[in-house]
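One letter stands for each residue in the lines below.
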Amino acid sequence: MKKIYLVVTFLFFGVYAALAQDTTPLKDTTYWNAKLLFGLNGTQTSFVNWSAGGRSNLSVLGFIDGTANYQKERWKWDSDLKLALGGVRFFDKAAGPKYQKTDDRIDIQTTLGYEIVDKKKWYFTFTSGFKTQMMNGFVYPNDSIKTSKFMAPGYLSAALGIEYAPSKHMNMFLSPIALKYTFVRDRMLSDQGAYGVEAAEYDLGGMLITHGKMFRQEYGAYFRFIFNKELMKNIEMKSRLELFSNYINNPQNIDVNAEVLFTFKVNSWLSASVQWNLIYDDDIDVMDSKGAVGPRTQFKSVIGIGVSYALKNKNAK
């Protein structure tokens, strides 16, 4: 836990150092580019004597997507916030749960960089991130087997390295000194050894000897690629690829986290979005459709249409 405090302290003083270079208020948009997008998507489906089958339901997904970028002289500070929570409510009389979570996300990223060579777009950079979810997750259709909750898992990462940012749309970051912390703040899940933590120990009679660990730390190399751009009027693309290799445990098994988001703006209120997420983590066991358990490539696709509203300063697009 002391190492976590050191990471947070380092980040705090890094941010302070960046802001100390400029006493201009936040409302001055000379150095700041900020945008906050609120959205609510939903679908409703009902069936009456429908021979093909189906379940009447109402699905709602809310999200907040925010970015804040600061740049003056050689200092650059970029932060990104993603929150999402969605679920479906079934209205038929079929057995099973009436509510089911469809999306749940807390993702905060911040990067502080100092330009090494003037106007060459190379930065000495520190980056940190935090990820978890808000609500409990279950193995549907069984809503009694819990698979996740807030901070189970939770991920905190920190890395120090070199960043190349040739334009405001794209940057690449490589770090040979990266830390990854995994939290499993649930006794049942930690005893199972979920998400790569050390599982509980039992004697031959099945009696508990020691509980599982609720915390795991990894040291390795980290690579990140980001590309965000308005492809054409009212069509925006945001993408991120993250790779992490653990130096100590199976460094050849690289953790992958990739996401692509397309947003289509119809007017100031109406929008549509398409999102794909791919995750592979050798420490996460997943049960497939045949009942086999082990590391699996995880994929999520979300398509939505609904209302959205953006708050931004004059520099933001």
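Reading the values: the criteria
Residues numbered from 1 in each chain as written. Predicted model: local features only at pLDDT ≥ 70, side-chain atom pairs only at ≥ 80, totals over all residues. Heavy atoms only, no water. Pairing = 2+ DSSP bridges. Helix = DSSP H or I, 4+ residues; strand = E, 2+ residues; numbered from the N terminus. Buried < 20%, exposed > 50% of the residue type's maximum accessible area, 1.4 Å probe, protein only. Contact = heavy atoms within 4.5 Å. Phe/Tyr/Trp six-rings, centres within 6.5 Å; stacked < 30°, edge-to-face > 60°. 1 Å grid on protein atoms, 1.4 Å probe; cavity = no way out; pocket = protein on both sides within 12 Å on 5 of 7 lines; lining within 4 Å. Points joined across faces, edges and corners; volume = space filled by probe spheres on them. Nonpolar A, V, L, I, M, F, W, Y, C, P; charged D, E, K, R; others polar.

A. Structural view of the pairing of strand E3 (residues 75-90). Sheet topology note: the strand E2 (residues 57-72)/E3 ladder contains 16 bridges and is antiparallel. Pairing of Thr 67 across the sheet is with Asp 80, part of E3. Count of turn residues in the E2/E3 antiparallel hairpin: two residues, of which Glu 73 carries a positive phi of about 55 degrees. Bridge count between E3 and strand E4 (residues 99-117): 15 bridges; the pairing is antiparallel.

B. Structural view of the environment of Thr 43. Among the structural elements, Thr 43 can be located in strand E1 (residues 32-45). Classification of Thr 43 as partly exposed rests on a relative accessible area of 42%. As a C-alpha pair, Thr 43 and Val 60 span 17 residues in sequence and 6.6 Å in three-dimensional space. In this structure, Thr 43 is in contact with Asn 57, Leu 58 and Ser 59, ignoring residues within four places of it in sequence.

C. Representation of the packing of aromatic side chains within the structure. Inspection of every chain in the model, using the stated rule, returns ten aromatic pairs. With centroids separated by 6.4 Å and ring planes inclined at 55 degrees, the aromatic side chains of Tyr 31 and Tyr 70 adopt a geometry described as tilted. Of the two residues, Tyr 31 sits in the loop between helix H1 (2-20) and E1 while Tyr 70 sits in strand E2, which places them 39 residues apart along the sequence. Ring geometry for Tyr 181 against Phe 215: centres 5.6 Å apart, planes inclined by 20 degrees, an arrangement best described as stacked.

D. Fine view of empty space enclosed by the protein. For the coordinates displayed, the defined rule picks out one cavity of 30 Å³ or more. Its volume calculated, the largest cavity comes out at about 70 Å³. Around the largest cavity, the lining residues are Glu 218, Asn 246, Asn 249, Asn 250, Asn 253, Asp 255, Asp 282 and Asp 283. Looking at the lining of the largest cavity residue by residue, the classes come out as no nonpolar, four polar and four charged.

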